[in-house]
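Examining the three-dimensional arrangement
The lines below spell out each chain.
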Amino acid sequence: MSAATDDIAGEIALEANDFLGETPVWSVAEQALYWVNCEDPPLLRRWHPASEAVKDWPMPERIGGFVLRKTGGPVVTLASGVYDLDPDSGALTRRAASPFGPEVQLHESGCDHDGRLWIGGHDSRRSDDNPFPKGGGLCRLDGDRLAVVVPGIAISNALGFSPDGNRIYFTDSLTRSILMAEIDRKTGDLGNIRDFIKLGDGEFIDGATVDAEGCYWGALVTRGELRRYAPDGSLDRIVPLPLSNPTKPAFGGPDLETIYITSTQLPLPNYAGPNGVIYAIRPGVAGVADPMFAG
């Protein structure tokens with residue numbers, strides 16, 4: 001599988017010093033980037049590039065992700081449940097408990113284009129004796145409960161949605177297969193779950209986003225690159241990065257033509273470069289605004 005390699009000039013947008021930066025989301029209304037430091041310490045974070053102001057909201061336990069709303073504060077995904085955050089006081093109010101046992105932490109989250117919240121689970125029991133634990137899953141928030149839509153997942157990652165709102169992408173990282181499915185726009189049910197991308201040995205897409213042309217951008221942690229895949233799953237572009245551990249890209253900026261990339265200082269294989277920063281590139285293609293939670 002061949003693809004053009006683009007040596008796009010980029011820059012460190014913010015010296016964030018994240019241990020495990022994840023889930024960047026651009027707020028069009030605020031012209032600001034939100035993201036999380038999952039742990040050490042767990043934080044929801046916001047950076048306003050025009051003023052260079054950074055604000056942190058400490059969390060009481062590991063934070064995997066969050067979504068923004070048109071009105072009201074963010075909805076955050078902590079290890080044990082989904083919570084509304086009051087951004088003024090920092091108070092949390094639980095919306096839904098995790099449907100999994102304590103060995104599974106709620107992890108990556110995102111909204112589809114109809115405002116539904118999707119959340120994955122991370123099974124922490126992985127070991128040499130249990131290399132493929134399957135206690136997690138991909139969940140949908142239905143009212144005040146999390147419904148497990150796709151069970152049997154060890155590490156849920158790579159969540160994304162096509163710009164027309166009809167398709168969802170996700171993975172169990174241990175399988176090295178990015179899956180796709182059709183979304184019933186009325187019910188949120190998934191149909192025709194199938195392979196979208198098959199990755200090679202040692203390749204893992206941690207986080208992803210989808211551009212306005214329907215192409216899927218994945219961050220290959222430990223490989224130090226972004227990859228752009230066409231809607232048919234063919235590899236279109238490879239963008240090398242000067243850091244080994246990118247975790248998730250998101251389109252942002254006034255024109256939605258900047259990709260902001262979070263990263264991690266986890267001591268993973270092939271560690272090199274300024275990990276823990278927010279890195280930025282201008283790939284020459286626009287994204288779409290991140291959907292907001294409708295609840």
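Residues numbered from 1 in each chain as written. Predicted model: local features only at pLDDT ≥ 70, side-chain atom pairs only at ≥ 80, totals over all residues. Heavy atoms only, no water.

**What about the overall build of the protein?**
Along its length, the protein carries zero helices and 25 strands. A compact globule built from 295 residues would reach a C-alpha radius of gyration of about 19 Å, and the protein, at 17 Å, matches this within 12%. Once the C-alpha set of the protein is aligned to its principal axes, its extents read approximately 45 × 45 × 40 Å. The long-range fraction of contacts in the protein, counting pairs at least 24 apart against all pairs at least 6 apart in sequence, stands at 46%. Per element, the accessible surface of the protein, about 11700 Å² overall, is 48% carbon and sulfur. Averaged over its 26 positive side-chain charges, the protein has a centre that lies 4 Å from the centre of its 41 negative ones. (Helix = DSSP H or I, 4+ residues; strand = E, 2+ residues; numbered from the N terminus. Rg over C-alpha atoms; globule rule 2.2 N^0.38 Å. Contact = heavy atoms within 4.5 Å. Areas by Shrake-Rupley, 256 points an atom, 1.4 Å probe, with all protein chains shown as cover. Lys, Arg positive; Asp, Glu negative; His and termini not counted. Charge placed at Lys NZ, Arg CZ, Asp CG, Glu CD.)

**Here's the deal with the sheet that holds strand S16 (residues 167-172)**
Read from one edge of the open sheet, four strands run S15-S16-S17-S18, paired in antiparallel fashion. Looking at strand neighbours, the two that pair on one side only are strand S15 (156-161) and strand S18 (190-198), the edges of this open sheet. Each strand of the sheet is rotated relative to its neighbour by a mean of 25°, with strand direction disregarded. (Pairing = 2+ DSSP bridges. Axes fitted to C-alpha atoms, helices over the stretch in contact; angles between N-to-C directions.)

**Quick notes on the environment of Gly-202**
Following the sequence through the fold, Gly-202 ends up in the loop between S18 and strand S19 (205-210). In this structure, the C-alpha to C-alpha distance between Gly-202 and Arg-223, residues 21 residues apart in sequence, is 8.8 Å. Beyond its immediate chain neighbours, meaning those up to four positions away, Gly-202 contacts Arg-176, Thr-222 and Arg-223.

**Regarding the packing of aromatic side chains**
Here the structure, examined in full by the defined rule, presents eight aromatic pairs. For the pair Tyr-34 and Phe-66, a centre-to-centre distance of 6.1 Å together with 45° between the ring planes defines the contact as tilted. Residue Tyr-34 is found in strand S4 (residues 32-37), and its partner Phe-66 is found in strand S7 (residues 63-67); the two are separated by 32 residues along the sequence. Aromatic pair Tyr-169 and Tyr-216: ring centres 5.0 Å apart, planes at 55°, arrangement tilted. Of this pair, Tyr-169 sits in strand S16 while Tyr-216 is found in strand S20 (residues 216-220), placing the two residues 47 residues apart along the sequence. On the basis of relative accessible area, Tyr-169 is assigned to the buried category, the value being 1%. Using a relative accessible area of 0% as the deciding quantity, one classes Tyr-216 as buried. Here the aromatic cluster, defined as three or more aromatic residues joined through ring pairs, consists of Trp-26, Trp-47 and Tyr-260. (Phe/Tyr/Trp six-rings, centres within 6.5 Å; stacked < 30°, edge-to-face > 60°. Buried < 20%, exposed > 50% of the residue type's maximum accessible area, 1.4 Å probe, protein only.)

**Some remarks on the sheet that holds strand S3 (residues 21-27)**
Within a sheet, each strand pairs with its neighbour through backbone hydrogen bonds, oriented either parallel or antiparallel. Across the sheet, four strands lie side by side as S3-S4-S5-S6; this open sheet has antiparallel pairing. The open sheet has two edge strands with one neighbour each: S3 and strand S6 (53-58). Recorded for the sheet is a direction-independent mean angle of 20° between the axes of neighbouring strands. As paired strands, S3 and S4 are joined by five bridges and run antiparallel to one another. Bridge pairing in S4 places Ser-27 opposite Ala-32.

**Structural notes on the environment of Glu-39**
Structurally, the position occupied by Glu-39 is in the loop between S4 and strand S5 (43-48). Note on Glu-39: relative accessible area 24%, which makes it partly exposed. For Glu-39 and Glu-257, which are 218 residues apart along the polypeptide, the C-alpha to C-alpha distance reads 29 Å. If near-sequence neighbours (up to four positions away) are discounted, Glu-39 is found in contact with Phe-19, Leu-20 and Arg-62.

**Looking at the pairing of S3**
The element S3 is extensively covered by neighbouring structure, given that seven of its seven residues are classed as buried. Between S3 and the antiparallel strand that follows it, S4, lie four residues; Gln-31 among them carries a positive phi value of about 50°.

**Comments concerning the pairing of strand S8 (residues 75-78)**
Burial along S8 is two-sided: Val-75 and Thr-77 and Val-76 and Leu-78, pointing in opposite directions, are all buried. In this sheet, S8 lies alongside S7 in antiparallel orientation, the contact comprising four bridges. Residue pairing across strands places Phe-66 opposite Val-76, the latter belonging to S8. As judged from the four bridges shared by S8 and strand S9 (residues 81-85), these two strands associate in the antiparallel manner. Each residue of the ladder has a partner; that of Val-76, found in S9, is Tyr-83. Taking the residues that link successive antiparallel strands as the turn, the S8-S9 hairpin has two residues.

Shape is all these values report; function is a separate question.
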